[in-house]
Amino acid sequence: MKNKRLKPTIFSTRYITLRKLRDLTLHMLKKIQVDQLHLVDFGCGDMPYYEVIKPLVREYVGVDLKMNPLAHHHIDFDSKTSLPSEFTDIILSNQVLEHVDSPEGYLDEAWRLLKPEGTLILSTHGYWYYHPTPNDYWRWTSAGLQN
């Protein structure tokens, strides 16, 4: 099956958004020079960027809820993991924040997992159709994210 998030067709209503998200994500990773770094895809879903990111990093770990058989490591709905503190150099979190029960708890766990001087690559949306996977709670504004 074709990866619709990595390679959306021109006929997709989300074509521009998904291409821009992919391109900006890869641009950020290439800017960091990630070749010897460890990356955690936090809330990985079906890991849409795995095939293009995996060759760029030393290790790629997908982390998601237990209901996701693709994830390498599982978490509970409280976003807590059993991974050690300062586990990773990069956390990738694309379009996950709107799905978590507690954004503050999710971000606290992301910071706990990051090594000092680590990088969080985070994207979320302010307006999108309702898409529970498994839940869809939040819509964000620039001011809300800054807060």
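Now for a description of the structure that goes with this document. (Residues numbered from 1 in each chain as written. Predicted model: local features only at pLDDT ≥ 70, side-chain atom pairs only at ≥ 80, totals over all residues. Heavy atoms only, no water.)

### Section: the side chain of His-38
Then step 1. Assignment of secondary structure puts His-38 in strand β1 (residues 38-42).
Then step 2. In this structure the side chain of His-38 is engaged in a polar contact, spanning 3.3 Å, whose partner is the side chain of Glu-59.
Then step 3. With sequence-adjacent residues up to four places away left out, His-38 is seen in contact with Arg-58, Glu-59, Val-61, Phe-87, Thr-88, Asp-89 and Ile-90. (Helix = DSSP H or I, 4+ residues; strand = E, 2+ residues; numbered from the N terminus. Polar contact = N/O pair within 3.5 Å; in protein donor to acceptor, adjacent residues only side chain to side chain. Contact = heavy atoms within 4.5 Å.)

### Side note on the pattern of salt bridges
Opposite charge on two side chains permits them to pair, given that their charged atoms come into close proximity.
Then step 1. As enumerated under the stated definition, the model contains five salt bridges in all.
Then step 2. Two residues, Arg-22 and Asp-23, come together in a salt bridge whose shortest N-O distance is 2.9 Å.
Then step 3. Residue Arg-22 is classed as buried on the basis of its relative accessible area of 13%.
Then step 4. Classification of Asp-23 by relative accessible area gives partly exposed; the value is 38%.
Then step 5. Taking the shortest distance from any N to any O, the salt bridge between Glu-109 and Arg-112 comes out at 2.6 Å. Residue Glu-109 and its partner Arg-112 are both found in helix α3 (residues 103-113); the two are separated by three residues, about one turn of the helix.
Then step 6. The class for Glu-109 is buried, based on a relative accessible area of 3%.
Then step 7. The exposure class assigned to Arg-112 is partly exposed, which follows from its relative accessible area of 26%. (Salt bridge = Lys/Arg side-chain N within 4 Å of Asp/Glu carboxyl O. Buried < 20%, exposed > 50% of the residue type's maximum accessible area, 1.4 Å probe, protein only.)

By themselves, these figures tell us nothing about what the structure is for.
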